[in-house]
Amino acid sequence: MIAYLKGKIVFKSPTHLIMDMGGFGYQVKISLNTYTQVQNLESCLLHTSLIVKTENQSVAGFDLYGFAEELEKDIFEKLISVSGVGASIARMMLSSYKPEEIQHAILSENEAMIQSVKGIGPKSAKRIILE
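About the cut-offs
Here, residues in each chain are numbered from 1, in the same order as that chain's written sequence. Where totals are concerned, whole chains, interfaces and linings use all residues; where local detail is concerned, this predicted model gives features only for residues with pLDDT of at least 70, and gives and counts side-chain atom pairs only at 80 or more. Neither water nor hydrogens contribute to the side-chain values; these are computed over all heavy atoms in the structure. Excluding any residue in a salt bridge, patches collect residues exceeding 30% relative accessible area, merging like charges within 9 Å and nonpolar Val, Leu, Ile, Met, Phe, Trp and Tyr side chains within 5 Å. Reported accessibility uses the Shrake-Rupley method at a 1.4 Å probe radius. Residues are deemed covered only where the shown protein chains occlude them. When a carboxyl oxygen of Asp or Glu lies within 4 Å of a side-chain nitrogen of Lys or Arg, that pair is called a salt bridge. Only DSSP runs of H or I reaching four residues or more are called helices, and only runs of E reaching two or more are called strands; each is numbered from the N terminus. Remark: exposure states derive from per-residue accessible area (1.4 Å probe, protein chains only) relative to the maximum for the residue type, with buried under 20%, exposed over 50%, and partly exposed in between. What the arc measures is the spread of directions leading from the helix axis to the C-beta atoms. Contact between two residues is taken to exist if any of their heavy atoms lie within 4.5 Å; hydrogens are not considered. Within 3.5 Å is the distance limit for a polar contact, defined as a pair of N or O atoms, with the added protein rule that one can donate a hydrogen and the other accept it, and that residues adjacent in sequence qualify only through two side-chain atoms. In summary, the charge assignment counts Lys and Arg as positive and Asp and Glu as negative, without counting His or the chain termini.

Peer 1: Explain a nonpolar patch on the surface to me, using residue names and the numbers behind them.
Peer 2: Where nonpolar side chains cluster on the molecular surface, the patch consists of Met-1, Leu-50, Val-52, Val-59 and Phe-62 and spans about 540 Å² of accessible area. Secondary-structure elements contributing two or more residues to the nonpolar patch are β4 (43–55) and β5 (58–67). As for its position among the elements, Phe-62 is in strand β5.

In structure tokens, the structure reads:
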């Protein structure tokens, strides 16, 4: 498990970074929330979550997601544990709202706010709140 990356940012976009870690370039998928926090930095520390993609019960690849804040990573990991919510939808939520806003929406059972995220319908919003 890769808990975090700390190094020089060699490429930035709103969807991913490439970080140089001792001569190795790691591509890390990020949310817009993280991008706004690192866009003016030359180096940073990102908390990470490694997602193993499977296809026909075989490993099909890996995606590394990075977060500027530990809270954002925690919310991401809780969201992807909900049935029907994958990494892409979780990242979309974190790109649409700050981690604290998502936390508040779930605790206050604000289905409308959760449904406002592209890809989340009424059933998924209810599951996110319940699970």
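Past the structure itself, the notes keep going.
Peer 1: An account of the pattern of salt bridges is requested, with residue identities and associated values reported.
Peer 2: Opposite charge on two side chains lets them pair, provided their charged atoms get close. Inspection of every chain in the model, using the stated rule, returns 2 salt bridges. One salt bridge in this structure joins Asp-63 and Lys-29, with 3.4 Å as the shortest N-O distance. Taken together, the residues Asp-63 in strand β5 and Lys-29 in strand β3 (residues 24–29) connect sequence positions 34 residues apart. The class of Asp-63 is buried, set by a relative accessible area of 12%.

Peer 1: How would you summarise helix α4 (residues 99–107) if you had to cite specific residues and measurements?
Peer 2: Here α4 has its buried residues at Pro-99, Ile-102 and Ala-105. Taken end-on, α4 shows its buried residues confined to a sector of 125 degrees, consistent with a single buried face. Exposed positions of α4 whose direction lies more than 90 degrees from the buried face are His-104 and Leu-107. Against α1 (32–38), α2 (70–80), α3 (87–96) and α5 (111–115) lie the buried residues of α4. Where α4 terminates, the next one or two residues include Glu-109, which has phi positive at roughly 55 degrees.

Peer 1: Would you mind going over the environment of Ile-129 in detail, with residue names and values included?
Peer 2: Checked against the element boundaries, Ile-129 lands in helix α6 (residues 122–130). On the accessibility criterion, Ile-129 (18% relative accessible area) is buried. Excluding its chain neighbours within four sequence positions, the residues that come into contact with Ile-129 are Ile-106, Glu-109, Asn-110, Glu-111 and Ile-114.

Peer 1: Quick rundown of the side chain of Thr-34? Include the residues and the values.
Peer 2: With respect to the helices, strands and loops of the structure, Thr-34 is situated in helix α1. Only 2.6 Å separates the side chain of Thr-34 from the side chain of Glu-72, close enough to count as a polar contact.

Peer 1: I'd like to hear about the side chain of Lys-73, residue by residue, with values.
Peer 2: Assignment of secondary structure puts Lys-73 in helix α2. For the buried residue Lys-73, which engages in no salt bridge, the nearest side chain bearing the opposite charge is Glu-77, 4.4 Å off. Apart from residues lying up to four places away in sequence, Lys-73 is in contact with Ala-3, His-47, Thr-48 and Phe-67.

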